[in-house]
Amino acid sequence: MTNQPLKINFNSGPAALPLPVLQAASAAVINYNDTGLSILGIPHRGKLFAAILEEAKSLVKELCGLGDDYEVLWMHGGGRLQFAMLPMNFLGDGETAGYIDSGYWAADAISYAKYYGNVAVLASSKEDNYTHLPVWPDAIPKDLAYLHITTNNTIYGTQCHDIPKADVPLIADMSSDIFSRQMDYTNCDAFYAVAQKNIGAAGVTMVAIKKAMLQRIRRTLPPMLSYAAHAQAGSVLNTPPVFAIYTALLMLRWTKEKTIATIEKENNEKANALYQEIERNSLFDGIVSNTADRSKMNVCFTAKQPEHEKAFVNFCEANNVTGIEGHRSVGAFRASLYNAISLADVQQLVALMQEFENLNNK
Ligand SMILES: *Cc1c(COP(=O)(O)O)cnc(C)c1O
């Protein structure tokens, strides 16, 4: 059964959330846990919010298998502020950071790093319009300040299926596939994810960072831009996005209850169902050239006949299925199959693709 409220929503982010999470978040806006207070009006330094922060932090650690050597932070500013803060904190003048250029967000992270130091792009698939993952160099230079990767390329629909090990601090943008599968998060010295895909509502970014990294900050920074200051203040350096963090907690509870193992199994089934239909259907083609690199979160595809692009989007909209238009830099279609999307939701899209094929092959 679909667990979405009205339409089936394949948007890439902000994206669909499970109905029980939306219901609990809505109820808390009126009366949080029978306190007689709206979640929107509780003090950010009070006991109620301290408990929310504590539970959210421990759930992130539990779901990712992190020990006490990691700090979990909740921050403003989305992915882009992380793109800036990482080099601000960890790339000293004259130092070089390594980046893997696997797509739009990876390239944006590179452009931000260049404000603060040298960037070595160790691998890129830009020349092929990112239709596959870049091929890594045989060796990663050992003198890099850190290595930055993007585990899932939301816009181009490719995904690294394992987190590599590196001899230099490894930092990963996991915005669009965190909690989507079991993986060794502890290979990363830091990883971050904006909430609006698999963690909840826009307005907050989860950052998990090894405490040892906080000793390696290269600049004197204003507190709002320093990971150490955020860690020391327990994510309440200033007024944090209380409601977004509470929504993240609801989503973390949902994730724990479902288990990442079950989520991973369903994500495999969902992606298989859609990729199989794209291959079978005479009207559509996949975009990712190397099938091993295909993302299980963002499925990008195109219509063989250009006039079918708008027509299929309209057909979906008329049937209560929304959000399948591709990003402006890739075009055609993208269906985002984040954790909140059920197999039944995907089967509904597959059924529409089949119906559309029948209608157009008459
Ligand atoms: C969505 C996304 C971001 C988003 O960043 P914002 O600045 O919050 O819009 C960053 N990285 C990846 C991989 C994403 O999918």
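Structural notes, computed from the coordinates. (Residues numbered from 1 in each chain as written. Predicted model: local features only at pLDDT ≥ 70, side-chain atom pairs only at ≥ 80, totals over all residues. Heavy atoms only, no water.)

### So, the packing of aromatic side chains
Inference 1: Enumeration according to the criterion identifies 19 aromatic pairs in this entry.
Inference 2: Look at Y99 and Y146: their rings are 5.8 Å apart centre to centre, the planes differ by 70°, and that puts the pair in the edge-to-face class. Taken together, the residues Y99 in strand β3 (residues 96-101) and Y146 in the loop between β4 (118-124) and β5 (147-150) connect sequence positions 47 residues apart.
Inference 3: Since its relative accessible area comes to 1%, Y99 is described here as buried.
Inference 4: Seen from the ring of Y275, R294 lies directly overhead, with NZ or CZ sitting 4.1 Å from the centre. (Phe/Tyr/Trp six-rings, centres within 6.5 Å; stacked < 30°, edge-to-face > 60°. Helix = DSSP H or I, 4+ residues; strand = E, 2+ residues; numbered from the N terminus. Buried < 20%, exposed > 50% of the residue type's maximum accessible area, 1.4 Å probe, protein only. Lys NZ or Arg CZ within 6 Å of the ring centre and 35° of its normal.)

### A closer look at the pattern of salt bridges
Inference 1: Scanning all chains against the criterion turns up 17 salt bridges.
Inference 2: K57 is the partner of E71 in a salt bridge, and the nearest nitrogen-oxygen pair spans 3.1 Å. With E71 in strand β2 (residues 70-75) and K57 in helix α2 (residues 47-64), this pair connects stretches of sequence that are 14 residues apart.
Inference 3: Judged by its relative accessible area of 12%, E71 falls in the buried class.
Inference 4: Residue K57 is classed as partly exposed on the basis of its relative accessible area of 23%.
Inference 5: Each of E277, R280 and E357 takes part in salt bridges that share partners, so that together they form one network. (Salt bridge = Lys/Arg side-chain N within 4 Å of Asp/Glu carboxyl O.)

### Some details on the site of the ligand
Inference 1: Among the 14 residues in the neighbourhood of the ligand, the closest are listed as G79, R80, T154, D173 and K197.
Inference 2: Within the side chain of T154, one N or O atom sits 2.4 Å away from an oxygen atom of the ligand.
Inference 3: Between the ligand and the protein, one listed contact pairs an oxygen atom with a side-chain N or O atom of K197 at 2.7 Å.
Inference 4: For the ligand, whose accessible area on its own is 390 Å², the fraction buried by protein is 89%.
Inference 5: Partitioning the shell around the ligand into residue classes produces three nonpolar, eight polar and three charged. (Near = heavy atom within 4 Å. Polar contact = N/O pair within 3.5 Å; in protein donor to acceptor, adjacent residues only side chain to side chain. Areas by Shrake-Rupley, 256 points an atom, 1.4 Å probe, with all protein chains shown as cover. Nonpolar A, V, L, I, M, F, W, Y, C, P; charged D, E, K, R; others polar.)

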